[in-house]
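# Report on the structure
Letter by letter, the chains look like this.
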Amino acid sequence: MISDVKLKSKAIIKGDTLRLFFISLFSFIVRRGSFALLVYCIASLFKSGILNSYLENYNDTFVYSVVIFDVAFVSLTILLFISSLKLGEQFLYFIKASGGNGRLGLLFHFFTFKRSFRALSLYARLTALKIGWLLYFLLPCAVCYGITFYLYSNGKLLPVVFYVLIIGSSVLLSFCIFMWRIAFSRYNAAPYYVCLNPDTTPEKAIKKSVAFTDGFLRESVLLESSFFGWFLSCIAIIPFVYVLPYFKISKALFVVDSLSLKAYPEVQNKYAINYLGLK
């Protein structure tokens, strides 16, 4: 399935790579730039003398209340903007993977009050789940490293034993990271369900994603891992302008195809298809 997805992805982005790259680049710069601007403004507010001058002339409680309200309001607005733009980009790739055009206007499809809040709620939940699973899987590794360094610092381990334990803990860390990616892959279809029906609540989308991605988790992580060499080659060989759209459309196509196979298993193709029209 992974090979079919990658071959079909190459066919989909053929002739449209530059446009998809600049759409993703625009989304990335605007989202990261908005967040960086928010951090810069908050830091400048506390470093400048404006706040101190207000504190000297007005009640401290009133000033801090106004500042907290303004910072919270601006932060919420920017987070809504970032979440809407991110979900719009994913929507664009889902449409493209489903055979649509993937027009630029889809980036702003979720720029309404209700949809933007759903986008923010979705990504807040996904981020919390991602961090939670990461801490869960890193805990045994941290315990192993902690015990190893504690015993070594107290002179209770020979250097050879110490290095063996460190290598073993590193192997365990690699395995835990792989399992973490598998666990989080259960939520890959949640944005698709929200894009498919903007009225779907993030909670329902996540539950449906967990139910329908079962059986494709290992393949999802292997697909992501297969792009490690591609991104590494961007340093000297293959331009990022091709790899980024290829990666994003492959992930979107994998979700679309996986859900289709889950819903209609009888249509699964068992034969190789020449997606690129190679002779």
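A quick note: this is a predicted structure, and the numbers were derived from the prediction, not measured.

### Things to note about the overall build of the protein
Of regular secondary structure, the protein possesses eleven helices and zero strands. When the helices and strands of the protein are read in sequence order from the N terminus, they spell out α-α-α-α-α-α-α-α-α-α-α. With the C-alpha coordinates aligned to their principal axes, the bounding extent of the protein is approximately 80 × 65 × 40 Å. Looking at the protein as a whole, 36% of its 279 residues are labelled buried. Here the protein has roughly 16,500 Å² of accessible surface; of this, 69% comes from carbon and sulfur atoms. Within the protein, one finds 28 positive and 13 negative side-chain charges whose respective centroids are separated by 6 Å.

### Quick look at the side chain of S250
Examined against the element boundaries, S250 turns out to sit in helix α11 (residues 240–263). A relative accessible area of 0% means that S250 is categorised as buried. Contact partners of S250, with chain neighbours within four places excluded, come to V5, K6, S9, L223 and F227.

### With respect to the pattern of salt bridges
Oppositely charged side chains can form a pair if their charged atoms are brought close together. Applying the stated rule across the entire model yields five salt bridges. Between R19 and D16 there is a salt bridge, with its nearest N and O atoms 2.8 Å apart. When its relative accessible area of 11% is taken as the criterion, D16 is described as buried. Between K207 and E203 there is a salt bridge, with the nearest N and O atoms lying 3.5 Å from each other. Of this pair, K207 and E203 both sit in helix α8 (residues 202–212), four residues apart, roughly one helical turn.

### Observations concerning helix α5 (residues 113–153)
The end-to-end C-alpha distance of α5, which contains 41 residues, comes to 56 Å, matching closely the 60 Å that a straight helix rising 1.5 Å per residue would cover. Maximal helix bending in α5 amounts to about 35°, located at L138; proline P140 follows within four positions. Where α5 is concerned, the buried positions are S116, R118, A119, L120, L122, Y123, L126, F137, C141 and T148. Elements in contact with the buried residues of α5: α4 (60–97), α6 (159–184), α7 (190–196) and α8. Of the residues trailing α5, G155 is marked for its positive phi of about 70°.

### Some thoughts on the nonpolar core
L87, L92, F94, L122 and L126 are the most contacted members of the largest nonpolar core, which has 41 residues in total. The element best represented in this core is α11, accounting for nine residues.

### Looking at the packing of helix α2 (residues 17–47) against α4
It is the contact of α2 with α4, at a shortest axis distance of 11 Å, that shows an interaxial angle of 170°. One element, α2, and the other, α4, form an angle in the roughly antiparallel class. Of the residues in the contact of α2 with α4, the class split is 17 nonpolar, four polar and five charged.

### Section: the confidence of the model for the protein
Atomic detail in the predicted coordinates should be set aside for any region of low pLDDT. With 92% of its residues at a pLDDT of 70 or more, the protein shows a mean pLDDT of 83. Put simply, helix α3 (residues 50–57) is where the protein has its lowest mean pLDDT, 74, and α5 is where it has its highest, 91.

### Brief notes about the environment of A119
Tracing the chain through its elements places A119 in helix α5. Residue classification places A119 among the buried positions, given a relative accessible area of 0%. Not counting chain neighbours up to four residues away, the residues in contact with A119 comprise S83, S84 and L87.

### Examining the packing of α4 against α5
Two elements in contact, α4 and α5, have axes separated by 8 Å at closest approach and are oriented at 85°. In this view, α4 runs roughly perpendicular relative to α5, as classed from their interaxial angle. Where α4 approaches α5, its residues L76, L79, L80, S83, S84, K86, L87 and Q90 are matched on the opposing element by S116, F117, A119, L120, L122 and Y123. Of the residues assigned to the contact of α4 with α5, the class counts are nine nonpolar, four polar and one charged.

Reading guide: rules and limits
- Residues numbered from 1 in each chain as written.
- Predicted model: local features only at pLDDT ≥ 70, side-chain atom pairs only at ≥ 80, totals over all residues.
- Heavy atoms only, no water.
- Helix = DSSP H or I, 4+ residues; strand = E, 2+ residues; numbered from the N terminus.
- Buried < 20%, exposed > 50% of the residue type's maximum accessible area, 1.4 Å probe, protein only.
- Areas by Shrake-Rupley, 256 points an atom, 1.4 Å probe, with all protein chains shown as cover.
- Lys, Arg positive; Asp, Glu negative; His and termini not counted.
- Charge placed at Lys NZ, Arg CZ, Asp CG, Glu CD.
- Contact = heavy atoms within 4.5 Å.
- Salt bridge = Lys/Arg side-chain N within 4 Å of Asp/Glu carboxyl O.
- Expected span 1.5 Å × (residues − 1).
- Bend = angle between axes of the 7 residues up to and from the residue.
- Core = buried A, V, L, I, M, F, W, Y, C linked by side-chain atoms within 4.5 Å.
- Axes fitted to C-alpha atoms, helices over the stretch in contact; angles between N-to-C directions.
- Parallel < 35°, antiparallel > 145°, perpendicular 65-115°, else oblique.
- Nonpolar A, V, L, I, M, F, W, Y, C, P; charged D, E, K, R; others polar.
- pLDDT = per-residue confidence, 0-100.

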